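Chain by chain, the residues:
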Amino acid sequence: MHPMKIFPYFYKASETPEEDDITVTTLVTPNRFEVLRKLASRYDGPLSVTVHLPLSPSSAPGKATPALREHLLALRALVAHSPALAARADIHLVLSPFPRAFNTWRNLARLLARSTYALLLDADFAVCTAWRAPVRVLLRDAGSAVGARVRAGEAALVLPAFEYAKQAEGRDQEVFPRDKRALLDLVRASRIGPFHASFAAGHNSTDYRRYYAAKPGEIYKVTQYQAAYEPYVIVRKDAGAWCDERFTGYGANKAACLFEMYLSGVSFYVLSDHFLIHQSHAYEEEARRSERRHNRKIHSDFKEETCLRYLKRFLDQGILNTTRAANAQEECKKIKGIGKIVNQVTTSGFRERFK
């Protein structure tokens with residue numbers, strides 16, 4: 001493994017975000033520069049972006065290859081010709097031979113965000129509704145129970161994710177619906193549906209049927225959590241946990257971030273007025289297949305390790321039988337071999353023996 005070269009704030013936004021603002025944190029590679037420009041044009045708040053540029057392992061120290069120079073010039077042109085990026089995006093440069101260290105890049109963008117709250121987002125999702133202002137009102141509302149939980153780092157707000165049934169229709173963000181009524185019209189026409197519906201475990205905990213029927217302004221709790229759930233969430237930057245960096249490439253990487261966040265005591269609440277839509281693009285199918293196989297092996301061990309770590313942490317803190325540890329107890333009981341441990345450590349006799 002060759003070390004990454006990291007340049008924080010390679011381009012720093014000219015505007016300073018307010019402390020209680022919401023920073024969109026994301027990651028891009030050179031083939032997604034145009035998608036990043038569109039994201040900045042649609043979202044009127046701060047952004048923290050990790051940009052990965054490939055670096056050949058054989059590159060001489062301190063010497064840029066022609067390909068690297070070309071990418072750097074393209075990045076400079078992108079910022080120079082996008083007033084939104086120049087004003088509101090902090091861009092952190094990563095140079096490395098590793099093409100898809102997604103969780104490392106996610107962590108970097110989140111770590112360097114300059115506001116209290118962050119939306120953890122993939123750049124190829126279009127921000128379709130004006131959620132920033134109402135969410136900031138919610139987070140400032142002393143009378144909102146959900147807002148209080150987010151402020152305390154005990155809850156995250158879900159923006160439901162959708163995609164077009166036909167990839168060709170999902171390529172142009174300019175024609176995407178901009179309000180829920182227009183979205184529902186397309187859902188009823190079977191032109192839009194839940195993101196990656198073929199892998200229901202990834203997003204169906206959002207409960208799309210409830211989302212479709214929800215009243216304006218409704219915020220509802222996710223009650224049927226699954227370990228593969230990987231929503232896009234607004235959360236305190238320092239809440240929950242960081243993404244496990246053992247996951248590289250496609251498959252389970254983002255789900256691992258959300259699994260550990262959930263075990264740490266963060267619950268999910270769905271914003272029923274808002275949504276994101278995936279901009280269609282081609283995938284590297286061969287890489288996806290091999291990397292998913294690799295990450296599946298890691299994911300099994302990761303879930304066991306994470307459960308044991310949080311059970312021990314909550315036990316040591318004396319909060320194992322409180323609401324803070326309820327998520328960990330619930331999920332860890334489902335894992336073969338761990339469920340028995342959960343039952344043992346939550347009994348009064350066990351606690352008495354180890355006082």
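Residues numbered from 1 in each chain as written. Predicted model: local features only at pLDDT ≥ 70, side-chain atom pairs only at ≥ 80, totals over all residues. Heavy atoms only, no water.

## A closer look at helix α4 (residues 102-111)
Move 1: Among the 10 residues in α4, nine count as buried, and that is most of the element.
Move 2: Three or more residues of α4 are buried, namely Phe 102, Asn 103, Thr 104, Trp 105, Arg 106, Asn 107, Leu 108, Ala 109 and Arg 110. (Buried < 20%, exposed > 50% of the residue type's maximum accessible area, 1.4 Å probe, protein only. Helix = DSSP H or I, 4+ residues; strand = E, 2+ residues; numbered from the N terminus.)

## Focus on the environment of Lys 312
Move 1: On the secondary structure map, Lys 312 appears in helix α10 (residues 285-317).
Move 2: Linking Lys 312 and Leu 72, residues 240 residues apart in sequence, is a C-alpha distance of 46 Å.
Move 3: At 2.7 Å, the side chain of Lys 312 and the side chain of Asp 316 are in polar contact. (Polar contact = N/O pair within 3.5 Å; in protein donor to acceptor, adjacent residues only side chain to side chain.)

## Some thoughts on the side chain of Asp 244
Move 1: Topologically, Asp 244 is positioned in the loop between β11 (232-236) and α9 (253-263).
Move 2: In contact with Asp 244, other than residues within four places in its own chain, are Asn 103 and Phe 302. (Contact = heavy atoms within 4.5 Å.)

## Observations concerning the packing of helix α1 (residues 33-42) against helix α2 (residues 66-80)
Move 1: For the pair α1 and α2, the least separation of the axes is 11 Å and the interaxial angle reads 20 degrees. One finds that α1 runs roughly parallel with respect to α2. Where α1 crosses over α2, the handedness of that crossing is right-handed. Here α1 contributes Phe 33, Leu 36 and Arg 37 to the contact with α2, which in turn contributes His 71, Ala 74, Leu 75 and Leu 78.
Move 2: Of the residues that constitute the contact of α1 with α2, the class distribution is five nonpolar, one polar and one charged. (Axes fitted to C-alpha atoms, helices over the stretch in contact; angles between N-to-C directions. Parallel < 35°, antiparallel > 145°, perpendicular 65-115°, else oblique. Left-handed = near helix turned anticlockwise from the far one by under 90°. Nonpolar A, V, L, I, M, F, W, Y, C, P; charged D, E, K, R; others polar.)

## Concerning empty space enclosed by the protein
Move 1: Throughout the structure, instances matching the rule amount to one cavity of 30 Å³ or more.
Move 2: The volume enclosed by the largest cavity comes to roughly 160 Å³.
Move 3: What lines the largest cavity is a set of 16 residues, and nearest its centre among them are Thr 25, Arg 106, Leu 120, Leu 121 and Cys 243.
Move 4: At the level of elements, β2 (22-28), α4, β11 and α9 are the ones that each hand at least two residues to the lining of the largest cavity. (1 Å grid on protein atoms, 1.4 Å probe; cavity = no way out; pocket = protein on both sides within 12 Å on 5 of 7 lines; lining within 4 Å. Points joined across faces, edges and corners; volume = space filled by probe spheres on them.)

## Details of the side chain of Asn 107
Move 1: Locating Asn 107 in the fold gives a position in helix α4.
Move 2: Given the relative accessible area of 9%, Asn 107 is considered buried.
Move 3: Among all residues touching Asn 107, those that are not within four sequence positions of it are Trp 242, Cys 243 and Glu 245.

## Observations concerning the sheet that holds β2
Move 1: If you walk across this open sheet you meet the nine strands as β1-β4-β3-β2-β5-β11-β7-β12-β10, and the pairing is mixed. What marks the edges here is a single partner per strand, and that holds for β1 (5-11) and β10 (219-221). Direction aside, the axes of adjacent strands within the sheet are offset by 25 degrees on average.
Move 2: Where strand β7 (residues 155-159) meets strand β12 (residues 267-271), four bridges bridge the pair, whose relative direction is parallel. Looking at the pairing, Leu 157 lines up with Tyr 269 of β12.
Move 3: Packing against the sheet, helix α5 (residues 132-140) makes contact with β2, β5 (117-120), β7, β10, β11 and β12, and its axis sits at approximately 125 degrees to β2. (Pairing = 2+ DSSP bridges.)

## Observations concerning the state of the cysteines
Move 1: Inspection of the entire model under this criterion finds two disulfides.
Move 2: Paired through a disulfide, Cys 243 and Cys 257 show a sulfur-sulfur distance of 2.1 Å. The disulfide joining Cys 243 to Cys 257 has a torsion of about 120 degrees about its S-S bond and is therefore right-handed. Placement of Cys 243 in the loop between β11 and α9 and of Cys 257 in helix α9 is noted, with a sequence separation of 14 residues between them.
Move 3: Ordering the disulfide-forming cysteines of the protein chain by sequence position, one finds them joined as 1-2, 3-4. (Disulfide = S-S within 2.5 Å.)

## As for the nonpolar core
A general trend in soluble globular proteins is that nonpolar side chains are found buried together.
Move 1: Trp 131 and Phe 268 are the most contacted members of the largest nonpolar core, which totals 98 residues.
Move 2: Residue contributions to this core peak at seven residues, all from α9.
Move 3: Those residues in contact with Phe 268 that sit more than four places away from it in its chain are Ala 156, Val 158, Tyr 220, Lys 221, Val 222, Tyr 225, Tyr 229, Val 233, Leu 258, Met 261 and Tyr 262. (Core = buried A, V, L, I, M, F, W, Y, C linked by side-chain atoms within 4.5 Å.)

## Comments concerning the packing of α4 against α9
Move 1: Where α4 contacts α9, the axes come no closer than 9 Å and their chain directions differ by 55 degrees. Comparing the axis directions of α4 and α9 gives the class oblique. As for how α4 packs across α9, the hand of that crossing is right-handed. Residues Phe 102, Asn 103, Arg 106 and Arg 110 of α4 form the contact with α9, whose own contacting residues are Asn 253, Lys 254, Cys 257 and Met 261.
Move 2: The residue makeup of the contact of α4 with α9, split by class, is three nonpolar, two polar and three charged.

## A word on α2
Move 1: Taking 1.5 Å of rise per residue, the 15 residues of α2 would be expected to cover 21 Å, and the 21 Å separating its terminal C-alpha atoms lies within 8% of that figure.
Move 2: Every buried residue of α2 is accounted for by Leu 68, Leu 75, Leu 78 and Val 79. For α2, the buried positions fall inside an angular range of 90 degrees around the axis, keeping them on one side. Of the exposed residues in α2, the ones pointing more than 90 degrees away from its buried face are Pro 66, Glu 70 and Ala 80.
Move 3: As for α2, its buried residues are in contact with β1, α1, β3 (47-54), α3 (83-88) and β4 (89-96). (Expected span 1.5 Å × (residues − 1). Arc of directions from axis to C-beta.)

## Comments concerning the packing of aromatic side chains
Move 1: Following the criterion strictly, the structure yields 21 aromatic pairs and no others.
Move 2: Taken together, a centroid distance of 5.3 Å and an interplanar angle of 35 degrees make the contact between Tyr 164 and Phe 176 tilted. Here Phe 176 lies in the loop between β8 (161-164) and α7 (180-188) and Tyr 164 lies in strand β8, a separation of 12 residues in the sequence. Taken individually, Tyr 164 and Phe 176 each receive the classification buried, so the pair is uniform in this respect.
Move 3: A cation over a ring is seen here: Lys 12 above Tyr 9, with NZ or CZ 5.1 Å from the ring centre.
Move 4: In this arrangement the basic side chain of Arg 313 is found over the ring face of Tyr 310, its NZ or CZ atom lying 4.7 Å from the centre. (Phe/Tyr/Trp six-rings, centres within 6.5 Å; stacked < 30°, edge-to-face > 60°. Lys NZ or Arg CZ within 6 Å of the ring centre and 35° of its normal.)

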